[in-house]
Amino acid sequence: MSEKVLMKGNEAIAEAAIKAGCRFYFGYPITPQTEIAAYMAKRMPKIGGTFLQAESEVSAINMVYGVAGAGYRVMTSSSSPGVSLKQEGISYIAGADLPALIINVQRGGPGLGGIQPSQSDYFQAVKGGGHGDYHLIVYAPASVQEMADYTIKAFDVADKYRMPVMLLADGTMGQMMEPVELPEVSANEIEKPWAVRGTNCARPHNIINSLYLKPEQLEKTNFDRFEKYKEIEKNECLYEEYMTEDADIVLVAFGIAARISKNAVVEARKQGLKVGLIRPITLWPFPSEVLNKTADRVKGFISVELSMGQMIEDVKLATECKKPVRLCNRTGGMIVSPEEVVESVKKLLSEVE
Amino acid sequence: MPNYKFKRVTLFAGHYGSGKTNLAVNFALKMKEQGEQVKIADLDIVNPYFRTKDSAKKLTEAGIELISPAFANTNVDLPALPQEVYKLFSQKGFRAILDIGGDDRGAYALGRYTPSILQENDYEMIFVANFFRPLTRTPQEALEVMREIEGACGIKFTAIINNSNLGKDTTAEVVKNTVKLAEQLSEISRLPVIFTSAETQVAKELDIDGVLPITLQEKFFDIKEN
């Protein structure tokens, strides 16, 4: 077993990526995720890897596209405004079926917004973000340990399905320090016969491309890709349930909002209120099945978010509006408190009882 | 506070996230308790998140003057230092504590005050060490960071405080295990380890010499866990 260290979420991501075999990092600094780049700048040269600060986010994501095409583990990281800039490249990477890891340590928006934590890039992460029909697998870690664990998992899953994966964190997750144990990773990397690494004149060329001149061909490619997405929805969905067995009200929250919600559950239970929590760990695929089943036995749901209410739409879709779904939120870099969550539980209970 | 005669100016520097700010704030409060006149300056213009200003209320109430960048803890956190920092060196007769940003990157900002500090020559520059931080796991790595910081600000370290901790998982045993590492760092850097700092409760159970009990200061955003 490896020893514990005290790390910031951002550092944990960087070190975990290195452990997972990532030897290429391209990025451009932006608060609150700059520690990832700073850490990579220190570590990569020592282990024969490449750290490159690109001239812009657009440039960085296209470098990621290039290295992903060559079949090497590669990542970039940014925060909300920077991730917006990367969307064109992410769409190209999805369109070319390439594995890569994109980190978004969210801050308040829209526009330049602010540097404080936020979760308002949910739509962008799970509904496409860039143009065209595609998905990213999106992980939402809720501790520094999970920042490390899901970074490693993200590389494996990206390779397995040949697609870009996103780790959707926020300023708190990036900045907070917690003890973490970095697992020793055995080489999980799979063969990549599609990679563009030179043919040695021994085989036909591999082609990395997202352009299709015939619409029939593009349609078929999209159909095939969505068949793959169905597999992913079946195999890769992750969530955590907390005290939901006898719950009247179930909170739905991810990332830092889930940690706060967990406290709210404990506080509410002290006051005799039966409250539970469902924490999506993958935001796409979304844990729709468990939410739908839960809807049959509870009185209502509260989506706890650091945004104006984005995931709440998926909660409503998942539960087919069988029970009321309310929003408890703060935005713009403000953080919801357990007390506010408990208040919203009481309000909903007074409506449904 | 364990017995140690400090100079007029105390600089806290070290690896990013080693606990410099927390230590500097604790040090300021302890000095004030001992009846000294204390001013503390936040020279960290690298990390806009955890900083001295988080403890502004506590410091001000204790009668300690806090000098920090005008926009600290706002969304327009500009990397500019306030002019008030100069008075720490142009005026004397009080204790000046400086919280320096992490690593060599954070220490560059100190450079503009280096001539005044060296000229007065009444300073102590303390290397805050946490051997549980990923890039200072060994005395050799810590020494490397030390040299980088010295190169960036132009001042040499004069002492070490072992502030090793594992956040919420810190126990007396955990801290005790780092004493040897601190001694090795002392040997290769030829600098004394003046204290081992630990959270008050942990410090009580720590049966080693020179323990400085500290309290954890409030953070700009604190997530309380049950």
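Residues numbered from 1 in each chain as written. Chains lettered and ligands numbered in written order. Predicted model: local features only at pLDDT ≥ 70, side-chain atom pairs only at ≥ 80, totals over all residues.

Student: I would appreciate a short explanation of the overall build of chain A in the present structure.
Tutor: When helices and strands are tallied, chain A shows 12 helices and 14 strands. Taking 353 residues into account, the globule formula puts the C-alpha radius of gyration at 20 Å, and chain A, at 21 Å, falls close to it. Dimensions of chain A, computed from the C-alpha atoms along their principal axes, are close to 75 × 50 × 40 Å. When burial is assessed residue by residue, chain A has 54% of its 353 residues classed as buried. For chain A, the proportion of contacts with a sequence separation of at least 24, taken over those separated by at least 6, is 79%. (Helix = DSSP H or I, 4+ residues; strand = E, 2+ residues; numbered from the N terminus. Rg over C-alpha atoms; globule rule 2.2 N^0.38 Å. Buried ≥ 20, exposed ≤ 12 C-beta atoms within 10 Å, placed from the backbone. Contact = placed C-beta atoms within 7 Å.)

Student: Got a minute to help me understand the interface of chain B and chain A in this structure?
Tutor: By a widely used convention, the size of an interface equals the accessible area lost when the partners come together. Contact residues are listed per partner, giving 20 residues for chain B and 24 residues for chain A. Considered class by class, the residues forming the side of chain B that touches chain A number 8 nonpolar, 6 polar and 6 charged. (Nonpolar A, V, L, I, M, F, W, Y, C, P; charged D, E, K, R; others polar.)

Student: It is not clear to me how helix 11 (residues 311–319) of chain A should be interpreted in this structure. Could you clarify?
Tutor: Residues that lie three or four places apart on an α-helix share one face, since the helix turns once every 3.6 residues. Residues and elements named next belong to chain A. If you check which residues of helix 11 are buried, you get Met311, Ile312, Asp314, Val315, Ala318 and Thr319. Viewed along the axis of helix 11, the buried residues span an arc of 160°, placing them on a single side of the element. Of the surrounding secondary structure, the elements contacted by the buried residues of helix 11 are helix 5 (122–126), strand 10 (249–252), helix 10 (288–295), strand 13 (300–305) and strand 14 (325–329). Looking at the residues trailing helix 11, positive phi occurs at Glu320, about 50°. (Arc of directions from axis to C-beta.)

Student: Help me out: how do you make sense of unusual backbone geometry in this one?
Tutor: With glycine set apart, most residues show a phi of negative sign, and most peptide bonds adopt trans. Residue and element names in this part refer to chain A. The amide bond that connects Thr31 to the next residue, Pro32, takes the cis arrangement and shows omega of 5°. With respect to the secondary-structure elements, Pro32 resides in the loop between strand 2 (24–27) and helix 2 (34–43). Of the consecutive residues Gly109 and Pro110, the connecting peptide bond is found in the cis state with omega at 5°. For Arg162, which is not a glycine, the phi torsion comes out positive at approximately 50°. With respect to the helices and strands, the residue Arg162 is situated in the loop between helix 6 (144–161) and strand 7 (164–170). Assessed through the 17 C-beta atoms surrounding it within 10 Å, Arg162 is described here as partly exposed. Even without a glycine there, the phi angle at Cys201 is positive, about 55°. Tracing the sequence through the fold places Cys201 in the loop between strand 8 (177–181) and helix 8 (215–235).

Student: Is there a simple way to explain the domain arrangement of chain A in this structure?
Tutor: All names here are of chain A. In terms of domains, chain A is made up of domain 1 (4–235) and domain 2 (239–352). Look at where the C-alpha atoms of domain 1 and domain 2 centre, and you get two points 28 Å apart. At the level of elements, helix 5, strand 6 (137–139), strand 7, helix 7 (171–175) and helix 8 are the ones that each hand at least two residues to the side of domain 1 that touches domain 2. The element that contributes the greatest number of residues to the side of domain 1 that touches domain 2 is helix 5, accounting for 4 residues. The residue makeup of the side of domain 1 that touches domain 2, split by class, is 16 nonpolar, 8 polar and 2 charged. (Domains from an automatic or database assignment.)

Student: Any chance you could explain the pairing of strand 14 of chain A here in plain terms?
Tutor: Side-chain positions along a regular strand alternate between the two faces of the sheet. In the sheet, strand 13 of chain A pairs with strand 14 of chain A via 5 bridges, with the strands oriented parallel. Looking at the pairing, Glu305(A) lines up with Asn329(A) of strand 14 of chain A. (Pairing = 2+ DSSP bridges.)

Student: What is the right way to look at the nonpolar core in this model?
Tutor: Nonpolar side chains tend to gather and get buried jointly when the protein is soluble and globular. Residues and elements named next belong to chain A. In this structure, Leu101, Val138 and Leu251 are the most contacted members of the largest nonpolar core, which totals 169 residues. Considering every element that reaches this core, the biggest residue donor is helix 6, with 9 residues. Sequence-distant contacts of Val138, defined by excluding residues within four places in its chain, comprise Ala125, Val126, Met166, Leu168, Thr282, Leu283 and Trp284. (Core = buried A, V, L, I, M, F, W, Y, C linked by C-beta atoms within 7 Å.)

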